[in-house]
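Each chain, written out:
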Amino acid sequence: MSQVFPGFLIAGFILLLFLFKWINILKEYERAVTFWLGRLSHQPKGPGLVLIFWPFETMVRISLRTIVHDVPSQDIITKDNVSVKVNAVVYFRVVEADKAVVQVENYMYATSQLAQTTLRSVLGQATLDELLSEREKLNLALQKVIDEHTQPWGIKIALVEVKQVDLPIEMQRAMAK
């Protein structure tokens, strides 16, 4: 009788372990992209109670909330050969969780890098006067370009705002005169 008891205890412990791995609760803003033996499931699961039959099924949690990404200062040479430092902020969110997991390795990093390079290329085509006076037009151009590239990844760019344009001190002095 004493040898049977530890067997039941071990089996009960293993059963509890499997139950805890199978039962998942996703918040309203989360979706679970699941893979059954490595193959992508048809649709993301959630929110609420989600059963994942581990070890045959695996899950990647994706947040659908808007992400605010601060684009670090970029050195830009404008169309009229003025060197400036520009930083911006990008607001984006995942609209198709399965694409964000499958189409790109790390959608956050990829969107960040794309925002940095697009900031340099789009603002480099503008003159200093346009950069200082027509920010709305440039913001929309940045948003359009970044959104076109992130759309296949299931990412929607909601807004791009140029935060600050830093002129070199020599340029500030020349403009003051």
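## Some remarks on the overall build of the protein
1) Next: The number of helices and strands found in the protein is six helices and eight strands.
2) Next: Sequence-ordered secondary structure for the protein, helices as α and strands as β, is α-β-β-β-β-β-β-β-α-α-α-α-β-α.
3) Next: Its C-alpha atoms give the protein a radius of gyration of 25 Å, clearly above 16 Å, the size a compact globule of 177 residues would have.
4) Next: Within the protein, the proportion of its 177 residues that are buried is 34%.
5) Next: For the protein, contacts bridging at least 24 residues in sequence account for 65% of all contacts bridging at least 6.
6) Next: Within the structure as shown, the protein displays about 11,300 Å² of accessible surface, and the carbon and sulfur contribution to it stands at 60%.

## Topic: the packing of aromatic side chains
Two measures describe an aromatic ring pair: the distance that separates the ring centres and the angle between the ring planes.
1) Next: A complete count under the given rule lists four aromatic pairs for this structure.
2) Next: Both rings, one in Phe-18 and one in Trp-54, keep their centres 5.5 Å apart while their planes meet at 55°; by these two values the pair is tilted. Within this pair, whereas Phe-18 is found in helix H1 (residues 4-22), its partner Trp-54 is found in the loop between strand E4 (48-51) and strand E5 (57-63), the two being separated by 36 residues in sequence.
3) Next: What makes Phe-18 partly exposed here is its relative accessible area of 26%.
4) Next: Consider the rings of Trp-22 and Phe-53, whose centres lie 5.5 Å apart with planes at 65°: the pair is edge-to-face. On the criterion of sequence distance, the pair formed by Trp-22 in helix H1 and Phe-53 in the loop between E4 and E5 is long-range, its members being 31 residues apart.
5) Next: Under the relative-accessibility criterion, Trp-22 is labelled partly exposed at 26%.
6) Next: Here the aromatic cluster, defined as three or more aromatic residues joined through ring pairs, consists of Phe-18, Trp-22, Phe-53 and Trp-54.
7) Next: The ring of Trp-54 has Lys-21 sitting right over it, with the charged end atom 4.7 Å from the ring centre.
8) Next: Over the aromatic face of Tyr-29 sits the side chain of Arg-65, whose NZ or CZ is 3.8 Å from the ring centroid.

## Points about the side chain of Ser-41
1) Next: For Ser-41, the location among the structural elements is in the loop between strand E3 (39-40) and E4.
2) Next: Those residues in contact with Ser-41 that sit more than four places away from it in its chain are Thr-34, Phe-35, Trp-36 and Glu-57.

Cut-offs and rules
Residues numbered from 1 in each chain as written. Predicted model: local features only at pLDDT ≥ 70, side-chain atom pairs only at ≥ 80, totals over all residues. Heavy atoms only, no water. Helix = DSSP H or I, 4+ residues; strand = E, 2+ residues; numbered from the N terminus. Rg over C-alpha atoms; globule rule 2.2 N^0.38 Å. Buried < 20%, exposed > 50% of the residue type's maximum accessible area, 1.4 Å probe, protein only. Contact = heavy atoms within 4.5 Å. Areas by Shrake-Rupley, 256 points an atom, 1.4 Å probe, with all protein chains shown as cover. Phe/Tyr/Trp six-rings, centres within 6.5 Å; stacked < 30°, edge-to-face > 60°. Lys NZ or Arg CZ within 6 Å of the ring centre and 35° of its normal.

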